[in-house]
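Below, each chain spelled out in residue letters.
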Amino acid sequence: MRQRAKEQDANIRRTNFEPVEENFTYEQAKLEAQRCLHCKNPQCVKGCPVNINIPDFIKALKEDNIDKAGEIIRETSMLPSVCGRVCPQERQCEGKCILGIKSEPIAIGALERYVGDNTTAVIPEITPTGKRVAIVGSGCAGITAAADIRKAGHEVTVFEALHEFGGVLRYGIPPFRLPRNILDKEIDNLKSMGVKFEKNVIVGKSITLEQLKDDGFDAIFLCSGAGLPKMLGIPGENLNGVLSANEFLTRVNLMHANEQQTATPLRVGEKAAIIGGGNVAMDAARTAVRVGYKTVYIVYRRTEKELPARLEEIRHAKEEGVIFKFLLSPKEIIGENGYVRSMNFEICELGEPDESGRRSPIGTGEFLALEIDTIIVALGTGPNPIIQKSAKAEGIDFDVDRKGYFIVNPDTRETSIEHIYAGGDVAPIGESNAINAMGAGKKAAKAINEYLAKL
Ligand code: SF4
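Residues numbered from 1 in each chain as written. Predicted model: local features only at pLDDT ≥ 70, side-chain atom pairs only at ≥ 80, totals over all residues.

Section: the overall build of the protein chain
Within the protein chain, the secondary structure is distributed over 18 helices and 17 strands. Computed over C-alpha atoms, the radius of gyration of the protein chain comes to 22 Å, within 12% of the 23 Å expected from 2.2 N^0.38 for 455 residues, which places it in the range of a compact globule. If one aligns the C-alpha atoms of the protein chain with their principal axes, the spans along those axes are about 65 × 55 × 50 Å. Residue burial in the protein chain is summarised as follows: out of 455 residues, 46% are buried. Considering only residue pairs separated by 6 or more positions, the protein chain has 70% of its internal contacts joining residues 24 or more positions apart. (Helix = DSSP H or I, 4+ residues; strand = E, 2+ residues; numbered from the N terminus. Rg over C-alpha atoms; globule rule 2.2 N^0.38 Å. Buried ≥ 20, exposed ≤ 12 C-beta atoms within 10 Å, placed from the backbone. Contact = placed C-beta atoms within 7 Å.)

Thoughts on the packing of helix α2 (residues 26-35) against helix α4 (residues 54-62)
Relative to each other, α2 and α4 sit at 130°, their axes nearing to 9 Å. On the basis of the axis angle, α2 is oblique to α4. Note on packing geometry: the crossing formed by α2 with α4 is left-handed. Listed contacts from α4 to Ala-29, Ala-33 and Gln-34 of α2 are Ile-58, Leu-61 and Lys-62. Along the lines of polarity and charge, the residues of the contact of α2 with α4 split into four nonpolar, one polar and one charged. (Axes fitted to C-alpha atoms, helices over the stretch in contact; angles between N-to-C directions. Parallel < 35°, antiparallel > 145°, perpendicular 65-115°, else oblique. Left-handed = near helix turned anticlockwise from the far one by under 90°. Nonpolar A, V, L, I, M, F, W, Y, C, P; charged D, E, K, R; others polar.)

A closer look at the site of the ligand
Near the ligand there are 14 residues, and of these Cys-36, Cys-39, Cys-44, Pro-55 and Cys-97 occur at the shortest range. For the shell around the ligand, the secondary structure elements donating two or more residues are α3 (43-47) and α4. In terms of residue class, the shell around the ligand is made up of twelve nonpolar, two polar and no charged. (Near = placed C-beta within 6 Å.)

Thoughts on the nonpolar core
Core analysis: the biggest nonpolar cluster contains 124 residues, and Ile-135, Phe-221, Leu-222, Ile-274, Ala-284, Ala-285 and Ile-376 have the highest contact counts within it. The greatest single-element share of this core, amounting to ten residues, is contributed by helix α18 (residues 434-454). Sequence-distant contacts of Ile-135, defined by excluding residues within four places in its chain, comprise Gly-142, Ala-145, Ala-146, Val-156, Val-158, Phe-159, Phe-221 and Cys-223. (Core = buried A, V, L, I, M, F, W, Y, C linked by C-beta atoms within 7 Å.)

Considering the sheet that holds strand β17 (residues 420-422)
Spatially, five strands are ordered β3-β2-β1-β4-β17 in an open sheet, and the strand pairing comes out parallel. Here the strands that pair on one side only, and so sit at the sheet edges, are β3 (196-198) and β17. If you compare each strand with its neighbour and ignore which way they point, the axes differ by 20° on average. As defined by bridge partners, strand β1 (residues 132-136) adjoins strand β4 (residues 219-222) across four bridges and the pair is classed as parallel. In the sheet register, Val-136 faces β4, and the bridge partner there is Leu-222. (Pairing = 2+ DSSP bridges.)

What to know about the pairing of strand β9 (residues 323-326)
Relative to β9, strand β8 (residues 295-300) runs parallel, the two being bridged by four bridges. The residue of β9 that forms the bridge with Tyr-297 is Ile-323. A crossover links β8 with its parallel partner β9, the connecting element being helix α16 (residues 311-319), and its sense is right-handed. (Right-handed = clockwise from strand over helix to strand, strands pointing away.)

Details of the environment of Arg-74
Among the structural elements, Arg-74 can be located in helix α5 (residues 66-74). Since 21 C-beta atoms lie within 10 Å of it, Arg-74 is described here as buried. With 341 residues separating them along the chain, Arg-74 and Thr-415 place their C-alpha atoms 27 Å apart. If near-sequence neighbours (up to four positions away) are discounted, Arg-74 is found in contact with Pro-80 and Ala-121.

Observations concerning the pairing of β8
Along β8, five of the six residues are buried, which leaves the element largely enclosed by surrounding structure. Traced from strand β7 (residues 271-275) through helix α15 (residues 279-291) to β8, the parallel crossover comes out right-handed.

A word on the sheet that holds strand β13 (residues 374-377)
With parallel pairing, the five strands of this open sheet are ordered in space as β6-β13-β7-β8-β9. Strand pairing shows two members of the sheet lacking a second neighbour, β6 (242-244) and β9, which therefore form its edges. Across the sheet, the mean angle separating the axes of adjacent strands is 25° when strand polarity is ignored. Across five bridges, β7 lies against β8 in parallel orientation. By the bridge assignment, Ala-272 is partnered in β8 with Val-296.

Here's the deal with unusual backbone geometry
One non-glycine residue, Asp-64, lies in the positive phi region at around 70°. Tracing the sequence through the fold places Asp-64 in the loop between α4 and α5.

Some points on the domain arrangement of the protein chain
Domain parsing of the protein chain yields domain 1 (10-118), domain 2 (132-227 + 383-454) and domain 3 (229-377). A straight line from the C-alpha centre of domain 1 to that of domain 2 covers 26 Å. Contact with domain 1, which involves 19 residues of that partner, is made by 22 residues of domain 2. No other element matches the five residues that helix α6 (residues 80-86) contributes to the side of domain 1 that touches domain 2. Each residue belonging to the side of domain 1 that touches domain 2 can be placed in one class, and the counts come to twelve nonpolar, three polar and four charged. (Domains from an automatic or database assignment.)

Details of the environment of Asn-53
With respect to the element layout, Asn-53 can be found in the loop between α3 and α4. Classification of Asn-53 as partly exposed rests on a count of 17 C-beta atoms within 10 Å. For Asn-53 and Ile-73, which are 20 residues apart along the polypeptide, the C-alpha to C-alpha distance reads 6.8 Å. Sequence-distant contacts of Asn-53, defined by excluding residues within four places in its chain, comprise Val-45 and Ile-72.

What follows is the structure, given as structure tokens:
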């Protein structure tokens, strides 16, 4: 039987930011590892974007050799504690596990997290090459690339625009999903390897790409994430009480705007509607519950079947009291004295599948109003416009049809300028998530190491 990690009671956890799930106990990890068949042709590995050797790390765990399990994972993934918590395993490795055909797949994510939390990366011997690499952004792609480039002996400096490191892992993902001590440990590992971190540096403003080159950086990896939120574009959007999920989560996660003595407090109302159905929408809704909203809705244009969020996040949100409203398309926000008072939605039904393969919502001409005082828009984000501006000045090519993402070689992440590479949400390929960003970081690091070897 598949092991399940113990969870905080939903009525208690909705009042705190402590982790929802505990880690597996030793006994649970052992029992779960023993279920693995160590397949000769492991489908789970094919489902992992960075191809972690899953059967071998589970085998090491089964044999009580947790340090070896940690080394096996870290050959391909520098962030096992993070990925074990935030990756959509049900659509990746676990979704392909052979055991899932007739029964339940191995809890690969929980085992990865168990190994990550209970082991520390071995600091490799580093032979300096004298070459220097600038990494712009300290999220998943940046951290992964930093480790692999540093291991090759190059000097690595990671520039972060915010005052703390970790990118979206820090400002976007709430601590009840990713405890901050776990993230700090991953960053500290890199510092121990000699990776330099500089915060409060906005590349494109504080320093340009040209200046980085003039400062002696031989290669640059752009991975500054998606900082530009998509908004609704409907009447009333400028009213007080309308926020992007990016702003809401950053203010709570990074600036602690929900705490009393903060310099920039959050105005917490009674009823919030989160517009969107992805993981960010779930994070925003569950955070809204925790900061004190009495009623929190998730409003989505399609049905529950089409929700793009992880099943686990949807379950957690429901358990914590979030109310789901389906087949509603936002039409207008109504205000009073400059503040949101209610929102009008058109009731939809589902038509034919669109290019995403999901059935498109079609308006019925009937409307519904919800009384709310806060609207949090979680419809996705576009690439950071500041770095784009600086990159444009350098002559880097963009894809104008795809929101202005950088055009990169998918295998090397090289842009149109030889020494500049890009990955993560500034040049996404496939689903935008932590493990795909790590995959991009690994590809860019490999290509940068090869490029520097030729200099
Ligand atoms: S597919 Fe499942 S059972 Fe087979 S090696 Fe991978 S985790 Fe183990």
